[in-house]
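Fold and contact review
If you want the building blocks of each chain, they are given just below.
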Amino acid sequence: MALSHTVIYLKRRTALLFLHYLQPGNRKISALASNGRHRTSQQHASPGDVKTLCNQGQLKEAVDVLQAMDQRALRRDPTIFDSLVRRCIDKKVLSEGKRIHTHMVDMGFKPDLYIGNTLLNMYVKCGSLVDARRVLEQMPKRNVVSWTTVIAAYSSHGHSREALELFDKMRQMGGKPNEFTFASILRVFSDLGNLEQGKEFHEEIRRRRFESDVFVASALVDMYVKCGSIEDARKVFDEMPQRNVVSWNAMMVGYTQNGKMDEALAMFGRMRLVGIEPNHFTFASVLPACANLSALENGKKVHDDIIRSGFEEDVFVGSALIDMYSKCGSIESAYKVFEKNPKRDVVTWNAMIMGYAKNGCAMETVQLFGRMEKSGMNPDYVSFVGVLLACCHTGRVDDGWRFFDCMTRQYGIAPTVEHYSCMVDLLGRAGRLTDAEDLIKKMSVKPNAAVWGSLLCACNIHKNVDLGERAAKHLCELDPNEATPYVMLSNLYAAAGRWDDIRKVRNKMKDKGIKKKPGCSWIEVDKHVYAFVVGDRSHTQTEEIYAYLESLYGQIKEAGYSPHTRFVLTDVEEEQKEHLLGHHSEKLAIAFGLINTSPQTTIRVIKNLRVCGDCHSAIKLIAKTVEREIIVRDANRFHHFKNGQCSCGDYW
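Basis of the calculations
- Residues numbered from 1 in each chain as written.
- Predicted model: local features only at pLDDT ≥ 70, side-chain atom pairs only at ≥ 80, totals over all residues.
- Heavy atoms only, no water.
- Helix = DSSP H or I, 4+ residues; strand = E, 2+ residues; numbered from the N terminus.
- Buried < 20%, exposed > 50% of the residue type's maximum accessible area, 1.4 Å probe, protein only.
- Contact = heavy atoms within 4.5 Å.
- 1 Å grid on protein atoms, 1.4 Å probe; cavity = no way out; pocket = protein on both sides within 12 Å on 5 of 7 lines; lining within 4 Å.
- Points joined across faces, edges and corners; volume = space filled by probe spheres on them.
- Nonpolar A, V, L, I, M, F, W, Y, C, P; charged D, E, K, R; others polar.
- Phe/Tyr/Trp six-rings, centres within 6.5 Å; stacked < 30°, edge-to-face > 60°.
- Lys NZ or Arg CZ within 6 Å of the ring centre and 35° of its normal.
- Pairing = 2+ DSSP bridges.
- Polar contact = N/O pair within 3.5 Å; in protein donor to acceptor, adjacent residues only side chain to side chain.
- Core = buried A, V, L, I, M, F, W, Y, C linked by side-chain atoms within 4.5 Å.
- Disulfide = S-S within 2.5 Å.
- Axes fitted to C-alpha atoms, helices over the stretch in contact; angles between N-to-C directions.
- Parallel < 35°, antiparallel > 145°, perpendicular 65-115°, else oblique.
- Left-handed = near helix turned anticlockwise from the far one by under 90°.

**Topic: the overall build of the protein**
When you go through the protein residue by residue, the secondary structure sums to 36 helices and six strands. Buried positions account for 50% of the 652 residues belonging to the protein. Restricting to contacts in the protein with at least 6 residues of sequence separation, those with at least 24 account for 63%.

**A short note on empty space enclosed by the protein**
Summed over all chains, the structure comprises one cavity of 30 Å³ or more. Along the walls of the largest cavity sit F532, D536, R537, S538, H539, T542, I545, Y546 and L588, which together make up its complete lining. No other element matches helix 33 (residues 542–558), which puts three residues into the lining of the largest cavity. Tallied by class, residues from the lining of the largest cavity come to four nonpolar, three polar and two charged.

**So, the layout of surface pockets**
Looking at the second largest pocket, its volume works out to about 670 Å³. As for the second largest pocket, its lining consists of 25 residues, and the residues nearest its centre are R187, S218, D222, K226 and V246. Elements with a minimum of two residues in the lining of the second largest pocket: helix 11 (144–156), helix 13 (179–192), helix 15 (214–226), helix 17 (245–257) and helix 19 (280–293). For the lining of the second largest pocket, the residue count by class is 13 nonpolar, nine polar and three charged.

**Notes on the side chain of H202**
Looking at where H202 falls in the secondary structure, it is placed in helix 14 (residues 195–207). Residue classification places H202 among the buried residues on the basis of a relative accessible area of 5%. Ignoring sequence-local partners within four residues, the contact set of H202 consists of E211, L220, Y224 and V236.

**Observations regarding the packing of aromatic side chains**
All told, the structure shown has 19 aromatic pairs when counted by the stated rule. A centroid spacing of 5.2 Å and a plane angle of 65 degrees characterise the contact between F369 and F384, whose relative ring orientation is edge-to-face. Of this pair, F369 sits in helix 24 (residues 362–374) while F384 sits in helix 25 (residues 381–394), placing them 15 residues apart in sequence. For the pair shown, F369 and F384 are each scored as buried. Chaining the aromatic ring pairs together yields one cluster made of F167, F182, F189, F201 and F210. Sitting over the face of the ring of F338, R344 holds its NZ or CZ atom 4.3 Å from the ring centroid. The positively charged end of R537 is found above the aromatic ring belonging to Y546, 4.1 Å away from the centroid.

**Section: the pairing of strand 3 (residues 603–607)**
Buried residues dominate strand 3, accounting for five of its five residues. Burial along strand 3 is two-sided: I603, V605 and K607 facing one way and R604 and I606 facing the other are all buried. For strand 1 (residues 520–525) and strand 3, the ladder comprises three bridges, and the chain directions are antiparallel. Counted as the bridge partner of W522 is I606 from strand 3. Summarising the sheet, strand 3 and strand 4 (residues 630–633) pair through four bridges and their orientation is parallel.

**Quick look at the environment of N298**
Within the fold, N298 resides in helix 20 (residues 296–309). Residue classification places N298 among the buried residues on the basis of a relative accessible area of 15%. Within the structure, the side chain of N298 is placed 3.1 Å from the backbone oxygen of K527, a separation counted as a polar contact.

**Points about the nonpolar core**
By size, the foremost hydrophobic cluster in this structure holds 153 residues, and its most contacted members are V221, M324 and L455. The greatest single-element share of this core, amounting to nine residues, is contributed by helix 15. If sequence neighbours within four positions are ignored, M324 has contacts with L287, C290, A291, L296, G299 and K300. Listed in part, the 31 residues of the second largest apolar core include I545, Y546, C612 and C646.

**Structural notes on the state of the cysteines**
Within the structure shown, the criterion is met by zero disulfides. Between C290, a cysteine without a disulfide, and C328, which holds the nearest cysteine sulfur, the sulfur-to-sulfur distance is 7.1 Å.

**Looking at the packing of helix 13 against helix 14**
Running from amino to carboxyl end, helix 13 crosses helix 14 at an angle of 165 degrees, the nearest separation of the two axes being 9 Å. By the angle between their directions, the pair helix 13 and helix 14 is classed as roughly antiparallel. The hand of the helix 13/helix 14 crossing is left-handed. Note on element contacts: helix 14 touches helix 13 through Q197, G198, F201, E204 and I205, opposite F182, I185, L186 and F189. Classifying every residue of the contact of helix 13 with helix 14 by side-chain character gives six nonpolar, two polar and one charged.

**Overview of the sheet that holds strand 6 (residues 645–646)**
The strand order across the open sheet built from six strands is 2-1-3-4-5-6, with neighbouring strands paired in mixed fashion. Each end of this open sheet is capped by a strand with a single partner; those strands are strand 2 (528–533) and strand 6. As defined by bridge partners, strand 1 adjoins strand 2 across six bridges and the pair is classed as antiparallel. Looking at the pairing, E524 lines up with V529 of strand 2.

**So, the side chain of H393**
One can find H393 in helix 25. For H393, the side chain forms a polar contact with the main-chain oxygen of A357, separated by 3.2 Å.

Next comes the structure, spelled out in structure tokens:
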């Protein structure tokens, strides 16, 4: 009897020593966990001991002990499986999760519904959807959590067909979807962009009385936004009894993507007024609206909110800030954000590279690209678009070819239409039109409108009518209803004095019902954005604006300005041509800005089309006359006008 007690004592003592050695920091952990001499001590460990190891973060050792334990102890306390599987979920360790699941199967243990759902969650969170589906199919009993876990996983991983099939199977087997199930299926229709099916599903949601649920309603807003129906999205949003940050974000994204930047900014303002705390996605959604409107003051206000909310070092928010400042022409502020951001990924580098490139800072673009390479960050296709754009804006043909070759040879990046478009633009602007056309013929991808448009633009610069006509023909074939090739061809004919050909182009446009996109310019004054079109007389300060413009014209004419009437595409008298040129939208916006801002304030204007040559010449002299910096962002690039000069060097 004494001997028996001694043996039991020694076994317990060995087990305690084994657990002691498994304490954090002990170098003998791995050896002891795998050493066969301790097999007996592992068998006598309790589920509580395994949980202790698990809580200490020693997951592998805990599973080792689990597999050696007496199965009767495990059956008495099956919650040990739940604890271990949840630890696998936290650490996203699929291999250990599979070991635990395999051990359950080997010992004939049948998980209850709760542990079964935990296993499903583990496989889903670890990205093994095949295993998750297998577990679901083998479960003797399932609830809405079981079905929704796998449906949501299919939906979030882009497996739309599988998500819909499983949803149908759930209903066939009597399962009742909850708010999370509906939200997951709505995401499927969002990804598919299937508005018709999305609306049908909305009706089912309404019948089941889930429309007022904040998660379902937010998913509905997102679905309508991604399907391009911003009106339906706003209707759902306005009818929501309560809204969360997701629903507000979805509306801001929707307005931004649909070109309604003013509404996006207004939505952000409303969100702040009702006390909803923005998250990093909110800021990454509203900053593009500020950027596209060149609304610098609004952007600075959002930046202040970002600092107060503690999101300044967030990589996505930081990249959006860089983009916003760059597109507002405040490249120095963009660079400050870039330098202060400790977490730079390829998107951050690209935002700064593109910012420099679009602002005409070619040397800085190339230098930053070199810094990116030296930092160990490999450039991607966007990085090369940036450096090629910089070369294009400054006529650096040799550098352009060097980067184009380096992209494929050194980094194995296949050229896209964006890269080819930059190279065609670069060669064309440099007067190498034949080389540009030859490159198009050799392209490894089908040339798009941007490529042919670049060539046509170059033909306008160098007055090559024959090649311009060929480029315009290709553009019309790509999109017969697009006005751009007709307008550019008219410009080319106007420069050559071919008024009959212009009339033919206009008649063709009229017959096809094609209308020219009107020129429009925007300017921000006192955090409000104002829009102007050519000859605009809708503004309350119209008389003051036109009178001020007349005064400016008198001053700049004395400084040497002469109207470039060749940019008027109408065969009228010179005086009438001068009158038409004088009321272009960017000139009206600049005059409004000069009237309504204090001296020394930088004027920032956005133009939806390319700035014409006459406006470019006039604005240079206006900037010199009023002693202000005027920044104009047109459809192609930035123009920083100061002291009678432009940052583009008249190369645009």
